[in-house]
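What follows is the residue order along each chain.
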There are 2 protein chains.
Amino acid sequence: MDLQRIKYFLALAEQLHYWKTAEKVNITQSALTRQIQSLENELGLQLFERNKRNVKLTPAGKFLKEKWEVELSELAYIHQFAKQIHLGERGIITIAHPDSISASIMPDILAKITQAFPQLQIKLVQVLYENQLDFLKNYKIDLAITRDITSEQGIKSQKIYSDHLALVVPLAHSFKRFEDLSTESLKAQKFILPTKDEGSSYSEIIQALFKSYDFVPDVFLHSEFGSTIIALVRKGLGIAILPDSYMHHQSPGLRFIPLPFKTDILINWRADDHNPVLANILKLVFDY
Amino acid sequence: MDLQRIKYFLALAEQLHYWKTAEKVNITQSALTRQIQSLENELGLQLFERNKRNVKLTPAGKFLKEKWEVELSELAYIHQFAKQIHLGERGIITIAHPDSISASIMPDILAKITQAFPQLQIKLVQVLYENQLDFLKNYKIDLAITRDITSEQGIKSQKIYSDHLALVVPLAHSFKRFEDLSTESLKAQKFILPTKDEGSSYSEIIQALFKSYDFVPDVFLHSEFGSTIIALVRKGLGIAILPDSYMHHQSPGLRFIPLPFKTDILINWRADDHNPVLANILKLVFDY
DNA sequence: TCCATTAATGCAAAATACGCATTAATAAAT
DNA sequence: ATTTATTAATGCGTATTTTGCATTAATGGA
C-alpha cells in the first residue's frame with residue numbers, strides 16, 4: 001500500500017469533492033478517481049459512498065480517516081526523528097573519562113556538545129583504566145578519554161589537551177613553591193600515588209619525574225581515584241602527584257605546586273564506528 | 001512511500017543478508033537492492049552500512065526498524081478493524097424505542113444482535129414520539145422503533161411485531177374479564193391514556209376502541225410514559241389502555257385484560273443509510 | 001426538458017519496478 | 001601471495017503501473 005494513496009484519500013475525505021481535491025494534490029481528477037478505486041480494492045472495503053453528484057464517507061471510511069491521520073503524523077515524526085539520528089543530532093553516546101578532568105575540561109566539552117546538539121543524550125561512566133579499551137571495543141562505551149596513549153588496532157586516538165602535573169600538599173606543609181623541592185626534602189616524604197600500571201604512559205611520566213630528582217619515592221598507598229587521594233592528603237597522610245586539573249575541584253586546605261611535567265589527555269574511539277553522533281562530537285572536541 | 005518497501009526493509013533488517021531476504025520476500029536480489037536504495041533516497045538517510053560482504057543497520061536504521069515494526073502492526077490492526085466496520089460486524093448504532101416494549105421484544109432483539117455481532121456497540125435512547133422522526137432524519141439516531149406508521153419521505157418502515165391492547169386495572173377492580181366490559185360500565189370509569197397525538201396511528205386505534213363501545217371516555221390524565229401510567233393505575237387513580245407488552249414488566253397489583261385490538265410495532269430507518277451495521281441489524285430483526 | 005456539474009472510463013504516453021546477466025569487492029582457503 | 005567463493009551493485013530490456021487528456025454517463029436544479 002502506498003502512503004501517497006492514503007494522503008489522497010485523506011484529502012478527499014476532507015474536501016468530499018474530486019475536482020477540488022485533485023487540484024489540491026496536483027493530479028488530475030481521473031488519477032484521483034483511480035487511486036481511490038484501487039485503494040478500495042486493495043483494502044477490500046468501500047471508503048466513500050458516491051453517485052455522480054455527491055461524495056460521502058462510509059462508516060469504515062470515517063474510521064480510517066481518523067486513524068490514518070494520526071498514523072501519518074506518527075510516521076512523519078518517526079521519519080523526522082530518524083533524520084536527526086542520521087545527522088548525529090540525536091542519539092545516545094556513552095563516554096568514559098578520568099575523574100581528574102571532571103571539573104576542568106569535561107564541563108567545557110559537555111557544554112559545547114549540548115549547546116550544538118541539544119537533543120543528544122550523553123551518558124558519562126567511570127571505567128577503571130585497565131578496562132577502558134575493552135569496554136570501547138565491546139561497544140559498552142563509544143568514547144574513552146584517557147591519559148594513556150594506545151596503539152591498539154581498531155582504536156583511533158587524538159590528543160585534545162594536556163595539563164601539568166602538580167605536587168599536592170596540605171597548606172601547612174613546608175613545601176610552598178617549586179623551589180622548595182629537592183632530592184633531600186622529597187626523600188623524606190610519604191607519597192600517595194595512582195595505581196602503578198605497567199606500560200601506562202601516565203605512570204611513566206610520574207616515574208620520569210622521580211628519576212629527575214634521582215630517588216625512589218616512599219609510596220605507602222596507591223589509589224586509582226583522585227578524590228580519594230586528595231582526601232588522604234588533606235588528612236595529612238602524605239603528599240601526592242596529580243594532574244593540576246584537580247585544582248578545579250573545590251579542595252580547601254590543599255596547595256597545588258605545578259611541576260614542569262606534562263600529561264596528555266587523549267580521546268579514543270573505534271575506527272570503524274560510523275555513528276554520525278560520534279563524528280559530530282569528534283569534530284566539536286577537535287576544535288576545542 | 002510504499003509500505004511494501006518498508007516491509008522489504010524490515011525483512012532485510014532482520015536477515016541482514018540480501019540474497020536470503022530477497023528469496024524470503026519473493027523478489028530477486030537486484031530488485032531488493034534497488035528498493036532499499038530508493039527507500040534510502042526517499043528518506044534522505046542511510047539505513048544500512050554495507051560493503052560487498054556485510055550488511056549492518058545504521059543507528060537510524062535500527063531506530064526505524066523498531067518503530068516501523070510497531071507502526072505496521074498498528075496499520076494492520078486498523079485495516080482489520082475497518083473491515084469489520086465494512087462488514088457491519090463492528091460499529092455503533094443508536095436505537096430509540098418505546099418504553100412499552102423494553103421488557104417484551106427488546107430484550108429478545110438485543111440478545112439476538114449481540115449474539116450475532118458481539119463487537120457491535122448499541123446505544124439505546126428514549127425519544128419523545130414527536131421527535132423520533134426528526135432525530136432519525138438528523139442522524140441523532142439510526143433506528144426508531146415506533147407504534148406509528150410514517151409516510152415520511154426518506155424513511156423506510158417495516159412492521160416487526162404486533163401486540164394486543166389491554167385494559168389495565170387494579171386487581172381489586174370490578175373488571176375481571178373482557179366480558180365484564182360494557183358501554184355502561186366503561187362510561188363510569190376514569191381513564192389515563194397516552195398523550196393524544198393527532199394523526200398518530202396508535203391514538204387512532206384507541207379512539208377506534210372507544211368508538212366500538214360508542215362512548216366518549218372520561219380522560220383525566222394523559223402521559224407519554226407507560227411506567228407513569230401503570231403507577232397511577234396501581235394507586236387506583238383510574239384505569240388505562242396499554243399494549244399488553246407491559247405485562248412483561250413486573251407489575252404486581254395490576255390486571256391486564258386483553259382487548260381485541262392490535263397495535264403494530266414498526267422499525268424505521270433512513271432509506272439512504274448504507275451503514276452495513278444497519279443492514280445486518282435489519283436482516284436480523286426482519287427474521288424475528 | 002434542458003443545462004450545469006461531477007464522477008467514471010478508454011486510451012496512449014510516461015514513469016516505475018522487475019528479472020536476467022554481469023561486475024566489483026572482499027573474506028576465506030590453499 | 002594467489003585463488004576461490006560469496007555477495008552487493010549495476011546495465012539493460014521488458015512488464016507493470018500510473019498519469020493526463022478527452023469523453024461519457026449520471027444527476028440535481030432551473
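These numbers come from a predicted model, not from an experiment. (Residues numbered from 1 in each chain as written. Chains lettered and ligands numbered in written order. Predicted model: local features only at pLDDT ≥ 70, side-chain atom pairs only at ≥ 80, totals over all residues. Heavy atoms only, no water.)

### Let's talk about the packing of aromatic side chains
Residues and elements named next belong to chain A. This is how it is decided: Under the pairing criterion, centres of Phe, Tyr and Trp rings, with the six-membered ring standing for Trp, must be within 6.5 Å; the plane angle then separates stacked pairs below 30 degrees from edge-to-face pairs above 60, leaving the rest tilted. Strands here are runs of E lasting at least two residues and helices are runs of H or I lasting at least four, both read from the DSSP assignment and numbered beginning at the N terminus. The cut-offs for exposure are 20% and 50% of the maximum accessible area for each residue type, with area from a 1.4 Å probe on protein chains only; residues under the lower value are buried, those over the upper are exposed, and the others partly exposed.
This structure, assessed with the given rule, holds 16 aromatic pairs over all chains. With a centroid separation of 5.4 Å and 55° between ring planes, the pair formed by Phe-9 and Phe-48 is classed as tilted. Residue Phe-9 is located in helix 1 (residues 3-15), and its partner Phe-48 is located in strand 1 (residues 48-50); the two are separated by 39 residues in the primary sequence. The class for Phe-48 is buried, based on a relative accessible area of 0%. Considering the side-chain rings of Phe-191 and Phe-210, the 5.2 Å spacing of their centres and the 80° angle between planes classify their relative orientation as edge-to-face.

### Quick word on the sheet that holds strand 8 (residues 218-222) of chain A
Residues and elements named next belong to chain A. Here is the rule: Strands were regarded as paired on the criterion that DSSP finds at least two bridges between them. Axis lines are fitted to C-alpha atoms, over the contacting stretch for helices. Their N-to-C directions set the angle, which ranges from 0 to 180 degrees. Whether two residues are in contact is decided by their heavy atoms, any of which lying within 4.5 Å being enough.
Read across the open sheet, the eight strands follow the order 4-3-5-10-6-9-7-8; overall the sheet is mixed. Of all strands in the sheet, those bounded by a partner on one side alone are strand 4 (120-125) and strand 8. Ignoring which end each strand starts from, the neighbouring axes of this sheet average 25° apart. Inspection of the sheet shows strand 5 (residues 143-146) paired to strand 10 (residues 254-270) by three bridges, in the antiparallel sense. The partner of Ile-145 across the bridge, within strand 10, is Ile-267. Running over the sheet, helix 8 (residues 201-213) touches strand 6 (155-170), strand 7 (190-193), strand 9 (239-243) and strand 10 and is turned about 150° from strand 10.

### Quick word on helix 10 (residues 276-287) of chain B
Operational definition: Here the expected span of a helix is defined as 1.5 Å times the quantity of residues minus one. Throughout this description, a polar contact denotes any pair of N or O atoms lying within 3.5 Å of each other; where both atoms belong to protein, one of them has to be capable of donating a hydrogen while the other can accept it, and for residues adjacent in sequence the pair is counted only when both atoms sit in side chains.
Between its first and last C-alpha atoms helix 10 of chain B spans 17 Å; for twelve residues at 1.5 Å apiece the expected length is 16 Å, and the two agree. The distance from a side-chain oxygen at the start of helix 10 of chain B to the backbone nitrogen of Val277(B) is 2.9 Å, and the residue carrying that oxygen is Asn275(B).

### Remarks on the pairing of strand 7 (residues 190-194) of chain B
Residues and elements named next belong to chain B. By the criterion of burial, strand 7 is predominantly enclosed, with four of the five residues buried. As judged from the five bridges shared by strand 7 and strand 8 (residues 218-223), these two strands associate in the parallel manner. When the sheet's bridge partners are listed, Pro-194 is paired in strand 8 with Ser-223. In the sheet, strand 7 pairs with strand 9 (residues 239-243) via two bridges, with the strands oriented parallel. Note on strand 9: the bridge partner recorded for Phe-191 is Ile-239.

### Quick notes on the pairing of strand 4 (residues 120-125) of chain B
Residue and element names in this part refer to chain B. So the rule is basically this: By convention, a crossover is right-handed whenever its connection, traced from the first strand over the helix to the second and viewed with the strands pointing away, goes clockwise.
Relative to strand 4, strand 3 (residues 91-96) is paired through six bridges, and the arrangement is parallel. Considered in strand 4, the bridge of Ala-96 is made with Val-125. Each parallel crossover has a hand, and for strand 3 linked through helix 5 (residues 105-116) to strand 4 it is right-handed.

### Some remarks on the protein's contact with DNA strand D
Definition in use: A cutoff of 4 Å decides nearness: a residue is near a molecule or strand if any of its heavy atoms lies inside that distance of it.
Neighbouring DNA strand D are 22 residues; Arg5(A), Gln35(A), Gln29(B), Arg50(B) and Arg53(B) lie closest to it. Protein-adjacent atoms of DNA strand D, using a 4 Å cutoff, are sugar or phosphate at a proportion of 63%. Take Trp19(B): an N or O atom from its main chain is 3.4 Å from a phosphate oxygen of DNA strand D. Broken down by element, the residue count for the surface near DNA strand D peaks at five residues, all from helix 3 (residues 29-43) of chain B.

### Looking at the interface of chain A and chain B
Worth spelling out the cut-off: The quantity reported as buried area is the accessible area (1.4 Å probe) lost by two parts once they are put together, taken as the sum for both. When a carboxyl oxygen of Asp or Glu lies within 4 Å of a side-chain nitrogen of Lys or Arg, that pair is called a salt bridge.
Counting residues at the interface gives 30 residues for chain A and 30 residues for chain B. Of all residues in chain A, Phe63(A), Glu71(A) and Ile78(A) bury the most surface against chain B, accounting for 19% of the area lost on that side. Inspection of the region where chain A meets chain B yields zero salt bridges. The set of elements that each furnish at least two residues to the side of chain A that touches chain B consists of helix 1, helix 3 (29-43) and helix 4 (59-86) of chain A.

### Details of the domain arrangement of chain A
For an interface, size is often stated in terms of accessible area lost upon the parts coming together. Residues and elements named next belong to chain A. Threshold: As annotated, the domain borders come from an automatic or database domain assignment. Under the grouping applied here, Gly and all other residues not named as nonpolar or charged are polar, the nonpolar ones being Ala, Val, Leu, Ile, Met, Phe, Trp, Tyr, Cys and Pro and the charged ones Asp, Glu, Lys and Arg.
For chain A, the assigned domains are domain 1 (3-86), domain 2 (91-160 + 267-286) and domain 3 (162-261). Each side of the interface is counted separately: domain 2 has twelve residues, and domain 3 has 15 residues. Three residues, Asp-99, Tyr-129 and Arg-147, lead the burial of domain 2 against domain 3; their summed loss comes to 40% of the area buried on that side. Linking domain 2 to domain 3 there are one salt bridge. The partner of Arg-147 in a salt bridge is Asp-163, and the shortest N-O contact between them spans 3.0 Å. At the boundary of domain 2 with domain 3, the tally comes to nine residue pairs in polar contact (both at pLDDT 80 or more). Split into classes, the residues belonging to the side of domain 2 that touches domain 3 amount to five nonpolar, three polar and four charged.

### Re the nonpolar core
Here is the rule we go by: The term nonpolar core refers to a set of buried residues drawn from Ala, Val, Leu, Ile, Met, Phe, Trp, Tyr and Cys, joined through side-chain atoms within 4.5 Å.
Membership of the largest hydrophobic core comes to 56 residues, with the highest contact counts inside it found for Phe9(A), Leu64(A), Trp68(A), Phe9(B), Leu64(B) and Trp68(B). If near-sequence neighbours (up to four positions away) are discounted, Leu64(B) is found in contact with Ile78(A), Ala82(A), Phe9(B), Leu43(B), Leu45(B), Leu47(B) and Glu69(B).

### Some points on the relation of the copies chain A and chain B
Put simply, the rule reads: What sets the superposition is a least-squares fit of C-alpha atoms, and only residues with pLDDT of at least 70 in both copies go into it.
Of the transformation superimposing chain A on chain B, the axial component is 0.1 Å and the angular component is 179°, with the fit at an RMSD of 0.4 Å. On this basis, the relationship between the two copies can be described by a two-fold rotation axis. By C-alpha distance to the rotation axis, the residue of chain A lying nearest is Asp2(A), at 2.1 Å.

### Description of the protein's contact with DNA strand C
Around DNA strand C, the structure places 22 residues, and the nearest of them are Gln29(A), Arg50(A), Arg53(A), Arg5(B) and Gln35(B). Of what DNA strand C places within 4 Å of the protein, 64% of the atoms are sugar or phosphate. With respect to DNA strand C, the side chain of Gln37(A) contributes an N or O atom lying 3.1 Å from a phosphate oxygen. One of the side-chain nitrogen or oxygen atoms of Ser30(B) is found 2.9 Å away from a base nitrogen of DNA strand C. A per-element tally of the surface near DNA strand C places helix 3 of chain A first, with five residues. Looking at the surface near DNA strand C, its residues break down into five nonpolar, nine polar and eight charged.

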